[in-house]
Structure formats: C-alpha cells, structure tokens
Amino acid sequence: MTEAWPEPASSSSLWEREAEIADVVEAVRALRADAASSGSLLVFSGEAGIGKTALLAEARRIAEAHGCTVWSARGGETVTSVPFNVIRQLLQPAIVSLMPEEAREYLGDWYDIAGPALGIAEPGERQADPQGVCDGLVVAVRRLAKREWPLVLIVDDSHWADQETLQWLVAFAERLDDLPVLVVVARRPGDVSGERVRQLEAVAAAARPVRTLSALTPEATAGLTRATVGEHADAPFCREVWAVTGGNPYETVELLAKVQDSELEPVEASAAELRALNRSARGRGLVARLEGLGIDATRFAWAAAILGTGISLDLAAQLAGMQRDEAVRCAELLGAARILAATEPASRELTGGELEFVHPLIASAVYRSIPDALRTAMHGQAAWAVNESGRGAAAASRHLLEVHPDDDPELVEQMREAAREHLAVGAPDAARRCLERALAEPPLPEVHAGVLYELGCATLLTAPATTIRHLRTALDQSGLDGDLRVNAVFRLSQALVHNDQLDEAVRTVDTEAARLDPGPARMRLQAVHYMWEGIHAGEDHVPGRSRSLADLVKTCTGRDNSERALLILRGFDAMTRGESAEEVVELCDRALVNGRLAPGLGWTDTEWGIELLMMLGSSYAYADRLDRAESLFSEALRSYTSAGWSGGHLALAHAFLGLAHRRRGRLRDAETTLRESLRIAERVGRGLPLYWSATCGLVDTLLARGDVQEAWAIAEQYGFAPPYPSTIVLPDTRSVRGRLLLAVGRVKDGINELEAAEKAAAARGHHNTVMAPWALDLARALASDDPARAGALATDARRQAERFGTDTAIGEALRCAAALESGQRAVRLAAQAVTYLEASPCQYEHAAARVEYGIAARSVSELGKGLTLARSCGADGLAARAEEVLATGRGLR
C-alpha cells in the first residue's frame, strides 16, 4: 500500500513553495525508510520575511505527522554572543527527558566534556579545549539521535546562531553519511561576517543544493490577497499589493492585515493608499501595533526583547517592574496579538514556562524600538536579575556587554568571572569578549595588568598576534609579580613561537631572566630559553649553546620541575647531536619521579607546554628506548582524549605515537595513527608544525611499507615540500623528502634535498644518523657516480653511529656500508648489520637487514626470516622483494 503524505498546510507564507516542500517530503521519506541509511541536510536561504520560518514550521508538521521526533532551535539577533545558545535549545527536549544517570550513560566518557557546554554538568578545573567540546557535542547528538530515530533537527535563523553552535553544526554536517538524521537549516544571505561566514558556507557545502527562496509572483500575490480580503479584490488592487511589497510574504501578510483593519475596499480606487499603509505596516508599524496594546504590554515586550532567549515570565516581569498577575495579563495580550508565544504551545500555557517572539522580525523591531538610554539601563537591570536568579556570571555577561563603561570595579570582576566560566566550558571567544569589555570599563590600576594577562591567555590558541599585544602591555604595567609574571613571560614566548617569531621569543625570555635573582623562577625561564632554541630548525645556531646547557645541568638533581625541564632539554640536545645514548637515557630518567612524569609536568599541565614532553619522548625513541617512548606517547593520547582536548595537542599525540610505532616497526599501526593525526591537524590548520609532523611521519611510514605512489600522493596533497617550518620536525623533513624523491626516480632532486639536509644538520650540530638519516641515503644515491664521496659519507656515518652507541644506529650504518660493497665484504658487513639490528627494538630495520643479508649471502634461510619479519611489520614492498628473489631461486642455497 502506498503511504499517504500530507498536503501542505494552508499558510500565507507557503504560496509557491511546492519545490521546497517536495524536498522536505523526499528527505523525510528517505529518513524513515531505513534506520541505517545516511542522513541529509537541507538549507533554505532567503531575505527577511521571505517565508523561511513558515517553511520550517511546515517541515516540522510533515515530519511529526509521520512519526519523526523533531527538535528545533532559532538563532537570535541579540543573543549571538551567548555560547552554545542554539544547540542548548536544540537538545533541550532530550536533556529535560533524561535523568542525570541516563545522561551520563548515553554520553559516556563525553559527559564531562560536552555536559558543561549543554548545562547539564559542572565544568572541570581545567580550561576546556574548544575542539574537544565540539567533538563531544557531535558524539552527544549522534548517540541521542540513535535513540530517537527517526530524528529531524531544525535550525531557524542560523545566521544569528552563536559561533560555538555553528562550529558544531559544521562538524555534525560532515558526519551525516553514517547517521540517519535530517537537518533542516534556514538562513539569510549576508548579515554575517568573519568566522561565521566560513562556517555557514561550510554548512551549505555539506547540503544538497541550497534552495534560495524567491519572492511571490504577481499571480501568487493576487491569490493571497483574495484569500485574505475577499475574492472581490480586483486585479489593479492585487497588482499594487505586489508592487509595494515586492512579493515579500511577510510584508504582504502585514499589509493585508492593515487593509482589513482599516476596512479599505480592495479595488483600484483604493490602490493609491497601499503605499502609505505599507509604510505603517513595516518597522514603526509593528511598533505601533505593540503600543496600541498599552504601556504595560509595551514594557513587558521590551523586557522580553532585552532577555532575547530563555524568556521566562517571572524574569520578564521582574525586569518590567510588574507583579506576576500583571505580567500574565500582558503575556496574554501579546499572545493574542501574535507578538509573543509559548516556546512549546502544544504542551504549555502561554503564561507558564518560556516565551518567544512569534517572528524574528518582530523581535528585532521591538528591541530597536526601545530608546537607547533605556535599552542600556534595562540591560544593566537584566544582568542583575539574571545573576540573582542563579544563572551565573556567564549568563549575565551578555547584558553587561551592552552597558556603557563607567569605572565600575564590580563589573570588571563580574566580566572576569564570566570569562573564567566561558573558558571552563570551551568558549574562548566569549571569554575574549568579556575581558575586552572589562578593559573598556577600565579596571583599577592594580588589576589592569591581570585582566590583560587573562585576555592574552584566552586568545593564545586563536589569535597569537593579539595575545602578543596584550601580554606585552600587561608586562609593561605594574601588577604582575612573582610566578604570575613568569607565567606571562612564558605565555608571551609561546605566542611568539606560534606566530613564527622564535628569535623574539628567546630574547623576551632572556630579558626577563636577566632581571631575576638566581632561583626557581630564573631557572624556569632559562629552561624555556633552551627549549625554544632546541626546537629551532634554522641554521643560525648559537655557538656554545650545548656547552652552556651542559654546564647549567651539572648542578641539577631533578629536585623541582625547572631542574627536570633542564635535564630533559639536555637529554634532547645530546640526542640530536648524537652524543652517548646511554647518557641521553640517564638524563631523561633523572627528569622522572619513580619512572613517571612529575606532578605539574603532566601532558595536560600548562606550566611548561607540550613541547618539553615531546622532546622527552623523542629522546627515548631515538635512543632505542622505544618501550618508554610508546608509554609516554600512549599516556599523552589517553590524557588528551579523556580531557577532551581534540585539537593540536591530540594531533601531536597521534603523530608522536605514530613515530614510536614506526621506529618499532609496527608500520600498519603507525600508518593508522599518523592518518588520524593528519585528519585532526587538517582541521586545526595547515602550515603549523604539528601538521608537518603528521605529514612527514606518514610519508616516511608509507615509504617503509613500500607504498611509494601513495607516499607521493600524500606529499602532493598536503604540500610536503619546501619551504619547511622554522621548528624541528621529527622525523627530519629534508631526509624524508630526499628519500621520497629518490624513490620516485627524481634522483638529482633527491640528492639536492639530501645535501640541503646535510648543510642544515651541520649548522645545527645534529649528528644523530637515525634521527636525520640523510647521510645513509645520500651515500647510496652517490654510490655509482661518486663512490669516493659515498664511501666517505658511510664511514663518517658509522663513526657517528658508534659514538651514539645504539644497536639501531650502528646496524643502519653497517647496512649502508654493505650496500656500497660487493662480494664477501658486503656479506660480512650485512651479517654484522643483522647482528646489531636483531638486538634493536626497530623491527623494520631488522627485517630489511635480513633480506639484504639473504640476497648478499644467497641464503634461502635468511631470506625466509627476512620475509617473515617484513610481513609481520607490514613492510609490503620489502616482503615483495624477498618473495621475488625466493621465486627465482637463482644462485640461492
């Protein structure tokens, strides 16, 4: 039996909307067909009054008529600064229906991350990661959607949605392929700027072709006119209605209402009066209709417009200065006049629960009709009322943003508290607005620097240049002392590094350190100095830096985190320079407490930053202590995941765990982890060091797996080519790029790249042949055309490897030496390489050595061992090479 679908509702705003309604019907039909089907996104665009709200109401009616659960929300012109406002509206039905235990069960690990943003859980002690909160909200809606299938989400006036909701909407829309949810969005073209433009365009890009609603034709306007004022309306009158309204459905309806109110005859003789009547129906005409209800109703409507969202009857009454029974009467008058309505008219009385304006244009007109001075005063009163109602400083801050500066210390403190609340739930942009408003008050001299410091911290991840300005100004003022001042200097140096001003970061730290007496604070800044120099990839290496660092560390016992940081930095420096691996490990071990990271030096602690711990793990990785490296990077991944840090920190954790997997020879795991790192890094933004780490690691792993074409495709897709970043990337970018060029047959370009790597390493004093294996690949590339230089490179690489002392370094140097020889000498060197690499934790290199030794010695047994190892590592190219030699069988024994 064919299912019957409802006819479009009779609505003045649905004339000539057959195509759009057909889109809705088709999408609902597809949604209900299969709970495992893909979701879909409809976007309707159009100017104010064009009928978007009526169309969404019809979409709701169609969906509900066929058993769908519908959740809806609306952006508001005056509440765009309220973070998570629209998504809270959207999920309110589900949130209200769940007991706290049920909510925790449905959201699982994401409850503590997304719960504070939704207002159902208290925020944690740490600042929430905005990307993590966004991901948590995506997961929350996905899980709730599976329970509520078939589910339709409707967002009206998305151009006025808060930025945090739009970020979620973009992420959710990108994941609709495997989730049966229908999302219907309406927006105006224009009316937005900055980041909102990008977000709305991203939503539109994920939709079916965006439907742009058009104005009514003269024929439709005539039909609407006759349906409203009577069939006797003549053609000239109808044409004039269309001419003065431009076919805008909302304006047409309002004009026709005025025609009825004035008892104007709908004939040609009256048509000349329509233009004057239309002017009274727009803007001030709406306000006049409100004023006609009396001063009390007007005052109540003003209060509702000031509140904007979450308009409770009691709060609006308090703001309007009237008793509850009087407010009830006003709400009823405004309801009868179709100015206000209950948010859920089917289940609530107009006088209870929350209210909303019937149409966004009405809300805007009422808000703008409030005299400027009174509007400002009412926002101040609203802030007080919201605070008194227990909604907190963050909820009140929207109103305080509208209050004129007045040297009010209490307002400054309220905005600082609001900023802390916003940061705790993952809304740094809202925190920034609060702190900027606090500065405009302005703060008292003794707290001014503190506000600047807080503002700088709030913008660190989103606007490094702005952070630099704020923190420099804060440091130039009095009020930042002791640890707070040191923290500000460190934050400033971080912002400078993120803004590609590494030299200035070092100078800033040095200048402050010179002001301090010997002690923990000065030592911390000295450690920061060496940290930034240590990650600098430039060739302007400071002579004597390593010696100075070594001298400073001689007195360190690891008694506090400043000393532990210096021990890590010295260990990393020694590793990059190829000094004794045993000393590297000994230095790194001294930085731990009972084999674990010290309190205050954890992955989510902000006193030192992620760079220091990445240096620690990398030192272990290249010193053949891969068990410790994997343990550290796995801990990083767990820490960031449980804390909801889904941005750059999580990308780096995946990248460095992938590095550890690659070093160990777990190439399949490495590829999976590095692809995830690159996915997250792509979301954070191209060009950042973390982006290079993910790309370089993935290319290196794909080359090890033998998938040269995929490695080249990744390099081309993600721009893995000069110019390189100013910070060190592991594995070494030039070495990996050079090996890639050799693999695809661009030998000359590959040699040039490896020679550039040689020059950069020499300038920095980097002699670790495993971390930057340019010499080994360059020697092989030069073997035919310049055997003397190739031999010299291999000899020097072996000397450096023996100095470093790891089995991997020595074994890799011997593999290279064997590749340059022939006959029994090649066999002996290959056998020695196997001996060392068998003791190494790097199984891919061991497999390669086995295969090369088997080929050199013509040994079926060794080739078989190499083939088994290559297969277990996921080194498909190496395995294919062994299989090919074994298949021919020529000369094997």
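Provided above is the structure to which this section pertains.
Residues numbered from 1 in each chain as written. Predicted model: local features only at pLDDT ≥ 70, side-chain atom pairs only at ≥ 80, totals over all residues. Heavy atoms only, no water.

Q: It is not clear to me how the pairing of strand S8 (residues 354-357) should be interpreted in this structure. Could you clarify?
A: Along any regular strand, the residues point their side chains to alternate faces of the sheet. Only one face of S8 is buried: it carries Leu-355 and Phe-357, and the other face, with Glu-354 and Glu-356, is open. Examined bridge by bridge, strand S6 (residues 311-312) and S8 share 2 bridges and lie antiparallel to one another. Residue pairing across strands places Ser-312 opposite Glu-354, the latter belonging to S8. Across 3 bridges, the pairing between strand S7 (residues 340-342) and S8 is antiparallel. Within the sheet, the bridge partner assigned to Leu-340 lies in S8 and is Phe-357. (Buried < 20%, exposed > 50% of the residue type's maximum accessible area, 1.4 Å probe, protein only. Helix = DSSP H or I, 4+ residues; strand = E, 2+ residues; numbered from the N terminus. Pairing = 2+ DSSP bridges.)

Q: It is not clear to me how the environment of Trp-302 should be interpreted in this structure. Could you clarify?
A: Secondary-structure assignment places Trp-302 in helix H14 (residues 295-307). On the accessibility criterion, Trp-302 (13% relative accessible area) is buried. Spatially, the C-alpha atoms of Trp-302 and Gly-67 are 38 Å apart, while their sequence positions differ by 235 residues. The residues contacting Trp-302, other than those within four sequence positions of it, are Val-366, Ser-369, Ile-370, Pro-371, Leu-374 and Met-378. (Contact = heavy atoms within 4.5 Å.)

Q: Even after reading the chapter, I still don't get unusual backbone geometry, so can you show me in this structure?
A: Of all residues except glycine, most have a negative phi; of all peptide bonds, most are trans. Here the bond from Trp-149 into Pro-150 is cis, since omega is -5°, no more than 30 degrees from zero. Here Pro-150 is to be found in the loop between helix H6 (130-148) and strand S3 (151-156). Notably, Glu-16 is not glycine yet its phi reads approximately 60°, a positive angle. Summarising the element assignment, Glu-16 is placed in the segment before helix H1 (18-33). Under the relative-accessibility criterion, Glu-16 is labelled partly exposed at 29%. Phi is positive for Asp-407, close to 50°, though the residue is something other than glycine. Judged by relative accessible area, Asp-407 falls into the exposed class, the value being 57%.

Q: Could you clarify how one ought to interpret the nonpolar core in this entry?
A: General note: in soluble globular proteins, nonpolar side chains tend to be found buried as a group. Counting residues in hydrophobic clusters, the biggest one holds 186 residues, and the most contacted among them are Phe-300, Phe-357, Trp-532, Leu-566, Trp-603, Leu-616 and Val-699. Ala-94, Ala-103, Phe-172 and Leu-200 belong to the second-largest nonpolar core, a separate cluster that totals 54 residues. (Core = buried A, V, L, I, M, F, W, Y, C linked by side-chain atoms within 4.5 Å.)

Q: I tried to follow the packing of helix H24 (residues 482-498) against helix H26 (residues 520-534) on my own but got confused; where do I start?
A: Helix-helix packing: each pair is described by the crossing angle between the helix axes and the interaxial distance. For the pair H24 and H26, the least separation of the axes is 10 Å and the interaxial angle reads 5°. When the axes of H24 and H26 are compared, the pair comes out roughly parallel. For the pair formed by H24 and H26, the contact residues are Val-486, Asn-487, Val-489, Phe-490, Ser-493, Gln-494 and Val-497 on the first element and Ala-521, Arg-524, Leu-525, Val-528, Met-531 and Trp-532 on the second. Of the residues assigned to the contact of H24 with H26, the class counts are 9 nonpolar, 3 polar and 1 charged. (Axes fitted to C-alpha atoms, helices over the stretch in contact; angles between N-to-C directions. Parallel < 35°, antiparallel > 145°, perpendicular 65-115°, else oblique. Nonpolar A, V, L, I, M, F, W, Y, C, P; charged D, E, K, R; others polar.)

Q: Which parts of the structure should I look at to understand the packing of aromatic side chains?
A: Aromatic ring pairs are reported here in terms of the distance separating the ring centres and the angle at which the planes meet. Applying the stated criterion to the full structure yields 9 aromatic pairs. Ring geometry for Trp-168 against Phe-172: centres 5.2 Å apart, planes inclined by 25°, an arrangement best described as stacked. On the criterion of helical spacing, the pair formed by Trp-168 and Phe-172 is a turn pair, its members being 4 residues apart in helix H7 (residues 163-173). Neither Trp-168 nor Phe-172 differs from the other in exposure class; each is buried. (Phe/Tyr/Trp six-rings, centres within 6.5 Å; stacked < 30°, edge-to-face > 60°.)

Q: Could you clarify how one ought to interpret the sheet that holds strand S2 (residues 69-74) in this entry?
A: What links the strands of a sheet is backbone hydrogen bonding, and the strands pair in either a parallel or an antiparallel sense. Within the open sheet, the 5 strands sit side by side as S2-S3-S4-S1-S5. Their pairing is parallel. A strand with exactly one partner marks an edge of an open sheet, and here the two such strands are S2 and strand S5 (211-212). Packed onto the sheet, H1 meets strand S1 (40-45), S3, strand S4 (181-187) and S5 and runs at close to 165° relative to S1. Together, S2 and S3 form the strand contacts of helix H3 (residues 85-97), whose direction differs from that of S2 by roughly 155°.

Q: How should I be thinking about the sheet that holds S8 in this particular structure?
A: Pairing is antiparallel across the open sheet formed by 3 strands, whose spatial order is S6-S8-S7. Only two strands of the sheet have a single neighbouring strand rather than two, namely S6 and S7. Packed onto the sheet, H14 meets S6, S7 and S8 and runs at close to 90° relative to S8.

Q: When you look at the pattern of salt bridges in this model, what are you seeing that I'm missing?
A: Pairing between side chains of opposite charge can happen when their charged atoms approach one another. A complete count under the given rule lists 57 salt bridges for this structure. The closest approach of N and O atoms between Arg-485 and Glu-512, which form a salt bridge, is 2.8 Å. Residue Arg-485 is located in helix H24, and its partner Glu-512 is located in helix H25 (residues 502-515); the two are separated by 27 residues in the primary sequence. Glu-512 carries the same exposure label as Arg-485, and that label is buried. Between Glu-710 and Arg-675 there is a salt bridge whose closest N-O contact spans 3.0 Å. Taken as a pair, Glu-710 in helix H35 (residues 708-717) and Arg-675 in helix H33 (residues 667-684) lie far apart in primary sequence, 35 residues in all. Taking the relative accessible area as the measure of exposure, Glu-710 reaches 26% and is therefore partly exposed. Judged by relative accessible area, Arg-675 falls into the partly exposed class, the value being 32%. Shared partners join several salt bridges into a network, and the residues in it are Glu-533, Arg-545, Arg-570, Asp-573, Arg-577 and Glu-579. (Salt bridge = Lys/Arg side-chain N within 4 Å of Asp/Glu carboxyl O.)

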